[in-house]
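Each chain, written out:
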Amino acid sequence: MSRIVLENCGKINPEDIEEYIGADGYEALGIALEKKTPEDIIKIVKDSKLVGRGGAGFPTGLKWSFARAAKESPKYIICNADEGEPGTFKDRLIMEGDPHKILEGMALCGYAIGANTAYIYIRGEYQLSIQRLTKAIKDAEKLGLLGKNIFDTDFDFNVKIKIGAGSYVCGEETALLNSMEGLRGEPRLKPPFPAESGFLSKPTNVNNVETFANIAPIILNGFEWFKKIGTESTPGTKVYTILGHIKRPGLIEVPMGITLREIIYDYAGGMSSGKFKMAQIGGTAGDIFSSKLLDAPLEYQELQKLGHNLGSGAILIMNDIISIADFLTCCMKFFVHESCGKCSVCRIGTKQMYNAFKRLKKKEAYFDELKTIKELAEKLKLTAFCPMGQSVASPVLSALKYFGEELARGVNPDKKHEPITRENPIIRRQKIC
Amino acid sequence: MTTKEIVKKYGNKRENLLQILHDVQNQNPNNYICKEAIYELSKEMDIPVSGIKGTASFYTMFSFTPRGKYIIRVCESPPCHILGAQTIFEAIESKLGIKVGETTDDGLFTLEGTSCLGICGVAPAMMINDEAYGNLNEKKICKILDQIQERERK
């Protein structure tokens, strides 16, 4: 079983650059700078069919070629380490376990698209990651692996760290750009895409931590090697965080296309209590899977065929004690808190959704509550401004699909809406959270 | 460090605002961004007061009200929720006699709910300032809080 991203984690001392170099570290960068042109690098990444590991699954090579084609300068590279999706902590462990691998991947990206400045945007809660990366940058600069004239070529590359301040929506790339500019972390309208006009309105390439960690091994071993791992359409491995009612929660790196059943019973050691009821794939904004999907391959394209998304890599496994209405109430509470407020569909929609699930939990929902929820979720999916708002629909729609019967038990068929009259306007303020 | 010195350290460009706000908050003994600091920042950085407050209030890590020396942040996201985060809140509330968002009378602790802390492998989890604690239960929480209280008494 080969690991790519986590290959060095736990084997080398992450605070010692010599140990990383000893494990073939910075070799890919050396080879690239001396023997390969930027176009070669982009071609290798394209041929490897690597797709972004942040959740959306956009082809990395294609993204880089857009940034390369942009005429304006300077260009910027941003490593998105604002890992806010509940249940996801893969990026934290990559940054803590092998910080130099990320720096090397970023330098390779910088060379490929022609950028000399890079930022790592880390969420404020990840103190250890901030410390380790700060030290890694300093060490690499000392050895001339970052900074001016790397490997005695005329390529300069500087990496700086930016620290977030607690906002989920900042994981969305345009919101992240606003936050980096010292503004409220609200998403921007696309287009223009960041490759055209990003940080400080300059061409910017944003990738996830895990994506950058894949680059150096691909350049070093070639795309043929990479394509042998995983599935035909999505090669490579995926790092998952597995959590919930299982015997061994934690982090695994497995080839693309593995099934949920294998993850639970082979890697996680089975259920810790109760019987398997459902799993949420990809964090709080992810789809809820019932036992019907235990054998579906976890891979971007296969899941898309089933109408689902792989998301960020969190897999939350739940037993039969958890009620779906209670769980979704908790999910919605999270969205109410994290909705940035820019668009009203998300700001008001999440709040209404939260109230509806609270009623379902107490078994006093209106007679047509499920219909209303479905309608609202579909509206969110279609009209919310950013992917975050749109993704609120995923857990709701999949729960309605697989656990509609259980949810229907929370409906009180006799409870009708009170008609709105002049004497009885609905302006009662509902206290929330 | 004064507010002026912090601005000087990072430069007065708008893109450094978050970093500056972090430092301003950290050097305040009550862990918050006070009104005077906002006015000073506005002058130093040439950003309207509303601009600074509007940005800072967007982020959950910044506070405009005085807080305790130790900020307890308990994760309330789904992974911790299904493993009993609610009981963790209750345990802390009964132990310290404060509710979420409140500070103890001795100014030692502030209790806050937070989104995922990224330590779900050991859920339910919480952070006290920069220190993370996992696999919590009532007994463990009492022990952790007792230790801090003891340390402070000395």
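A few points on the structure. Going along each chain's sequence as written, the residues are numbered from 1 onward. Note on labels: chains are lettered from A, ligands numbered from 1, in written order. Predicted model: local features are reported for residues with pLDDT of at least 70 only, side-chain atom pairs are reported and counted for 80 or more only, and whole-chain, interface and lining totals are derived from all residues. With hydrogens and water stripped out, all remaining heavy atoms of the structure feed into the side-chain values.

A word on the environment of B:D46
- Here a strand is any run of E in DSSP of at least two residues, a helix any run of H or I of at least four, and the numbering for each starts at the N terminus. Of note, B:D46 is situated in the loop between α3 (35-45) and α4 (49-56).
- Once the C-alpha coordinates of B:D46 and B:V7 are considered, the two residues, 39 residues apart in sequence, prove to be 11 Å apart.

Notes on the interface of chain B and chain A
- Any two residues whose heavy atoms approach within 4.5 Å at even a single point are treated as in contact. With 32 residues of chain B in contact, the opposing surface of chain A contributes 49 residues.
- Buried area counts how much accessible surface, traced with a 1.4 Å probe, disappears from two parts once they are put together, with both parts' losses summed. Carbon and sulfur atoms make up 60% of the surface buried where chain B meets chain A, a total of about 3,100 Å² over both sides.
- Three residues, B:E15, B:F58 and B:I82, lead the burial of chain B against chain A; their summed loss comes to 21% of the area buried on that side.
- Any N or O atom pair separated by 3.5 Å or less is treated as a polar contact, with the protein-specific requirement of one donor-capable and one acceptor-capable atom, and with residues adjacent in sequence counted only for side-chain atom pairs. If you look at where chain B meets chain A, you find 13 residue pairs in polar contact (both at pLDDT 80 or more).
- Those elements giving two or more residues to the side of chain B that touches chain A turn out to be α2 (17-27), α4 and α5 (78-81) of chain B.
- In terms of residue count, the dominant contributor to the side of chain B that touches chain A is α2(B) (four residues).
- As a working rule, the residues Ala, Val, Leu, Ile, Met, Phe, Trp, Tyr, Cys and Pro are called nonpolar, Asp, Glu, Lys and Arg charged, and the rest polar, with Gly in that last group. Split into classes, the residues belonging to the side of chain B that touches chain A amount to 15 nonpolar, 12 polar and five charged.

Details of the packing of aromatic side chains
- To pair, rings of Phe, Tyr and Trp, with the six-membered ring standing in for Trp, must have centres within 6.5 Å; the planes then decide the type, stacked if under 30 degrees apart, edge-to-face if over 60, and tilted in the middle. Taken as a whole and assessed by the stated rule, the structure comprises 13 aromatic pairs over all chains.
- A ring pair is formed by A:Y76 and A:Y119, whose centres lie 6.1 Å apart and whose planes are at 45°; its orientation type is tilted. Here A:Y76 is found in strand β1 (residues 76-81), whereas its partner A:Y119 is found in strand β2 (residues 117-122), with 43 residues between them in sequence.
- With a 1.4 Å probe rolled over the protein chains alone, any residue whose accessible area is under 20% of its type maximum counts as buried; one over 50% counts as exposed, and the rest are partly exposed. For A:Y119, a relative accessible area of 11% gives the class buried.
- Both rings, one in B:F58 and one in B:Y59, keep their centres 5.1 Å apart while their planes meet at 75°; by these two values the pair is edge-to-face. Like B:F58, the residue B:Y59 is buried in the burial classification.

Looking at the pattern of salt bridges
Residues and elements named next belong to chain A.
- For this document, the term salt bridge refers to a Lys or Arg side-chain nitrogen within 4 Å of an Asp or Glu carboxyl oxygen. Scanning the entire structure with this criterion turns up 30 salt bridges over all chains.
- The partner of K305 in a salt bridge is E302, and the shortest N-O contact between them spans 3.2 Å. Placement of both K305 and E302 in helix α12 (residues 300-305) is noted, with a separation of three residues, approximately one turn of the helix.
- Looking at E302, the relative accessible area reads 32%, which means it is partly exposed.
- Where salt bridges share partners, they join R53, K90, D91, E210 and K238 into one cluster.

Here we look at the sheet that holds strand β3 (residues 126-128) of chain B
All names here are of chain B.
- Here four strands make up an open sheet; going across it, the order is β2-β1-β3-β4 and the pairing mixed. Bordering the open sheet on either side are β2 (109-114) and β4 (131-133), each of which pairs with just one other strand. On average, adjacent strands in this sheet sit at an angle of 20° to one another, irrespective of strand direction.
- The pairing criterion for strands is at least two bridges between them, as found by DSSP. Here strand β1 (residues 70-75) pairs with β3 via three bridges, running antiparallel. What sits directly across from V74, in β3, is M126. To obtain an axis, a line is fitted to C-alpha atoms, over the contacting stretch when the element is a helix, and the angle between two such axes runs from 0 to 180 degrees between their N-to-C directions.

With respect to the packing of helix α1 (residues 3-10) of chain B against α2(B)
All names here are of chain B.
- Running from N to C, α1 and α2 cross one another at 145°; their axes reach a closest spacing of 10 Å. Between α1 and α2 lies a crossing whose hand is right-handed. Packed against α1, whose contacting residues are T3, I6, V7, K9 and Y10, the element α2 presents Q19, I20, D23, V24 and Q27 at the interface.
- When its residues are assigned to classes, the contact of α1 with α2 shows five nonpolar, three polar and two charged. Throughout, a crossing is termed right-handed when the near helix is turned clockwise from the far one, and left-handed when it is turned anticlockwise from it by less than a right angle.

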